[in-house]
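Below are the chains, spelled out letter by letter.
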Amino acid sequence: MKKIRGNVTAPKGYLAAGIYCGIRKNKSKKDLALIYSDRPAAAAGVYTTNLVKGAPILVTKEHIKDGFCRAVICNSGNANTCNKDGVAVAEAMCEALAKELGIEPERVAIASTGVIGQPLPLDVIRAGIPKLREELSPDGGDDAASAILTTDLVKKEIAVEFELGGVPCRVGGIAKGSGMIKPNMATMLAFVTSDVQIAPELLQKMVKSAADESFNCISVDGDTSTNDTLLVLANGAAGAPEVTENEGYELFYEALLTVCTHLAREMARDGEGATKLVVCEVSGGETREQCVRLAKSVIESNLVKAAMFGADANWGRVLCALGYAGVAVDVEKIDVSFASSAGEVPVCAGGYGVDFSEEEAKRVLSEGEITIRVALHAGAASGVAYGCDLTYDYVKINGDYRT
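Residues numbered from 1 in each chain as written. Predicted model: local features only at pLDDT ≥ 70, side-chain atom pairs only at ≥ 80, totals over all residues. Heavy atoms only, no water.

Draft legend 1. Fine view of the overall build of the protein. Across its full length, the protein carries eleven helices and 15 strands. On C-alpha atoms alone, the protein measures out to a radius of gyration of 22 Å, which is about the 22 Å that the 2.2 N^0.38 rule sets for 403 residues. Taken over the C-alpha atoms alone, the protein extends approximately 70 × 55 × 35 Å along its principal axes. The buried share among the 403 residues of the protein stands at 56%. Across the protein, contacts joining residues at least 24 apart in sequence account for 80% of those joining residues at least 6 apart. Summed over its atoms, the accessible surface of the protein is roughly 16300 Å², and 50% of this surface lies on carbon and sulfur atoms. If the 41 positive side-chain charges of the protein are averaged to one point and the 53 negative ones to another, these points end up 5 Å apart. (Helix = DSSP H or I, 4+ residues; strand = E, 2+ residues; numbered from the N terminus. Rg over C-alpha atoms; globule rule 2.2 N^0.38 Å. Buried < 20%, exposed > 50% of the residue type's maximum accessible area, 1.4 Å probe, protein only. Contact = heavy atoms within 4.5 Å. Areas by Shrake-Rupley, 256 points an atom, 1.4 Å probe, with all protein chains shown as cover. Lys, Arg positive; Asp, Glu negative; His and termini not counted. Charge placed at Lys NZ, Arg CZ, Asp CG, Glu CD.)

Draft legend 2. Structural view of the pairing of strand 14 (residues 369–375). Across the seven residues of strand 14, five count as buried, placing the element largely inside the fold. Pairing geometry for strand 10 (residues 277–285) and strand 14, over seven bridges, is parallel. Bridge assignment links Ser283 to a residue of strand 14, and that residue is Ala375. (Pairing = 2+ DSSP bridges.)

Draft legend 3. Spatial organisation of the pairing of strand 6 (residues 156–164). When you tally the buried positions in strand 6, you get seven out of nine residues, the bulk of the element. Relative to strand 7 (residues 167–176), strand 6 runs antiparallel, the two being bridged by nine bridges. Its bridge partner being in strand 7, Glu157 is matched across the sheet by Ile174. What sits between the antiparallel neighbours strand 6 and strand 7 is a turn of two residues, in which Gly165 has the positive phi angle 60 degrees.

Draft legend 4. Region of interest: the nonpolar core. Counting residues in each nonpolar core, the largest one holds 43 residues, and the members touching the most others are Val196, Ile198, Leu203, Leu230 and Phe252. Per-element accounting of this core gives the leading share, twelve residues, to helix 6 (residues 249–269). Not counting residues up to four positions away in its chain, the partners in contact with Val196 are Phe162, Leu164, Cys169, Ala234, Asn235, Gly236, Val243 and Phe252. Counting residues in each nonpolar core, the second largest holds 34 residues, with Ala307, Val318, Ala321 and Val347 among its members. (Core = buried A, V, L, I, M, F, W, Y, C linked by side-chain atoms within 4.5 Å.)

Draft legend 5. Here's a closer look at unusual backbone geometry. Phi is positive for Asn80, which is not a glycine, with a value near 45 degrees. Tracing the backbone through its elements, the reader meets Asn80 in the loop between strand 4 (68–78) and helix 2 (86–101). One non-glycine residue, His377, adopts positive backbone phi at about 55 degrees. You can see His377 is positioned in the loop between strand 14 and strand 15 (381–388). With relative accessibility at 47%, the residue His377 sits in the partly exposed group.

Draft legend 6. Highlighting empty space enclosed by the protein. Using the criterion set out here, one finds one cavity of 30 Å³ or more in the structure. In this structure, the largest cavity encloses a volume near 30 Å³. Contributing to the lining of the largest cavity are Thr151, Leu153, Ser178, Asp270, Gly271, Glu272, Gly273 and Ile397. Classifying every residue of the lining of the largest cavity gives two nonpolar, four polar and two charged. (1 Å grid on protein atoms, 1.4 Å probe; cavity = no way out; pocket = protein on both sides within 12 Å on 5 of 7 lines; lining within 4 Å. Points joined across faces, edges and corners; volume = space filled by probe spheres on them. Nonpolar A, V, L, I, M, F, W, Y, C, P; charged D, E, K, R; others polar.)

Draft legend 7. A look at the packing of helix 5 (residues 200–213) against helix 6. Running from amino to carboxyl end, helix 5 crosses helix 6 at an angle of 45 degrees, the nearest separation of the two axes being 9 Å. It follows that helix 5 is oblique to helix 6 by the angle criterion. Here helix 5 runs over helix 6; the crossing is right-handed. Together, Leu202, Leu203, Lys205, Met206, Val207, Ser209, Ala210 and Glu213 of helix 5 and Tyr249, Phe252, Tyr253, Leu256, Leu257, Cys260 and Thr261 of helix 6 make up the contact between the two elements. (Axes fitted to C-alpha atoms, helices over the stretch in contact; angles between N-to-C directions. Parallel < 35°, antiparallel > 145°, perpendicular 65-115°, else oblique. Left-handed = near helix turned anticlockwise from the far one by under 90°.)

Draft legend 8. Just the environment of Ser283, in detail. Topologically, Ser283 is positioned in strand 10. Spatially, the C-alpha atoms of Ser283 and Leu376 are 6.2 Å apart, while their sequence positions differ by 93 residues.

Draft legend 9. Here's a closer look at helix 7 (residues 288–300). Between its first and last C-alpha atoms helix 7 spans 18 Å; for 13 residues at 1.5 Å apiece the expected length is 18 Å, and the two agree. Where helix 7 is concerned, the buried positions are Cys291, Val292, Leu294, Ala295, Lys296, Ser297, Val298 and Ile299. Of the surrounding elements, those touching the buried residues of helix 7 are strand 10, helix 8 (302–309), helix 9 (316–323), strand 14 and strand 15. (Expected span 1.5 Å × (residues − 1).)

Draft legend 10. Fine view of the packing of aromatic side chains. Per the stated rule, a full pass over the model turns up three aromatic pairs. Pairing Tyr249 with Tyr253 gives two aromatic rings, centres 6.4 Å apart and planes at 15 degrees, and the pair type is stacked. A residue pair is termed a helical-turn pair when its members lie 3 or 4 positions apart in one helix, as Tyr249 and Tyr253 do in helix 6 at four residues. Judged by its relative accessible area of 12%, Tyr253 is buried. (Phe/Tyr/Trp six-rings, centres within 6.5 Å; stacked < 30°, edge-to-face > 60°.)

Draft legend 11. Representation of the environment of Lys205. Structurally, Lys205 can be placed in helix 5. Classification of Lys205 by relative accessible area gives partly exposed; the value is 45%. When the C-alpha atoms of Lys205 and Asn227 are compared, they prove to be 21 Å apart, with 22 residues separating the residues in sequence. Setting aside chain neighbours within four positions, we find Lys205 in contact with Glu245 and Tyr249. Here the side chain of Lys205 touches Glu245 through a polar contact of 3.1 Å, side chain to side chain. (Polar contact = N/O pair within 3.5 Å; in protein donor to acceptor, adjacent residues only side chain to side chain.)

Structure (structure tokens):
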């Protein structure tokens, strides 16, 4: 398997587009995206666990309940959540797009992201759909990746290639997510395409597992969004042998997980106001689930996040976060170290502090990617979580986000 240039249009049979249609006040930012498969594609998704759900999620779940999809439309700037007419607006968007593409409305999935509780202007979206169709292109994935962004500073996109039965196959993805990220399912919005042939039921199983190993291991601010959606399409256009439980499963899953993990890491790296990606690796645990829970507790701690921003080797905050994670651990066996491209500094052994150079620690923690390594010495399991530092800009961004 190898990484290649591209995103959702890297696999065969997909076109994409992204335009400005008038949802946003800022006309320099695209706000409407489309991903289109030239044939029916197996579809699978996972969604927010928040009881308050965006209308697009309700519509998408209904539309792909038979396991197939042709197109995904997504707007930014407005979440279409907590609106009395939200479902009707989402259905109308699907109908308008389906008519333009000549497909059934039930073959359209939909997603929205942005401000909650504001009416979504259906008229400007309807007016923009013809242009959106006209812009469809094998090179349109880049515009689609831009059109789904909100407070993100950079696009998140990736594509990989591998072989099944000697036939080249691809998986590509785009995503957005910078704030309101503690998914418990997937994350803000992520769209992944592939040209493999696979049954929808098996694809759903793989997507849920990949989400648990990637998006469910990130947190920026501890807030679970109302619109979190991970949607994966597989249209079989590569012409490779069908992926089954016994044939091609591990190869395809590796590709899918690689794409999801890359997108998840990039979301954490691009956290609102963030200057650093913070990774917590927990090893020597009894189960993977326990290790991930401990790792997430560390990267979600505001005190740890603030210390990472200040390059302060305040390892006591790490132990504190491990202690309230709700996992039974022997504190007197825990080792902690801080690592980056500048080196590694052990700061705790057996639950107690060790002598270390503050100057060296500051140099290690001043890099753009920091790894907090925790060894439990209680088993063979391990887990990882991805987060970011907490800066002044996070408050600035969210203090007036709506206005």
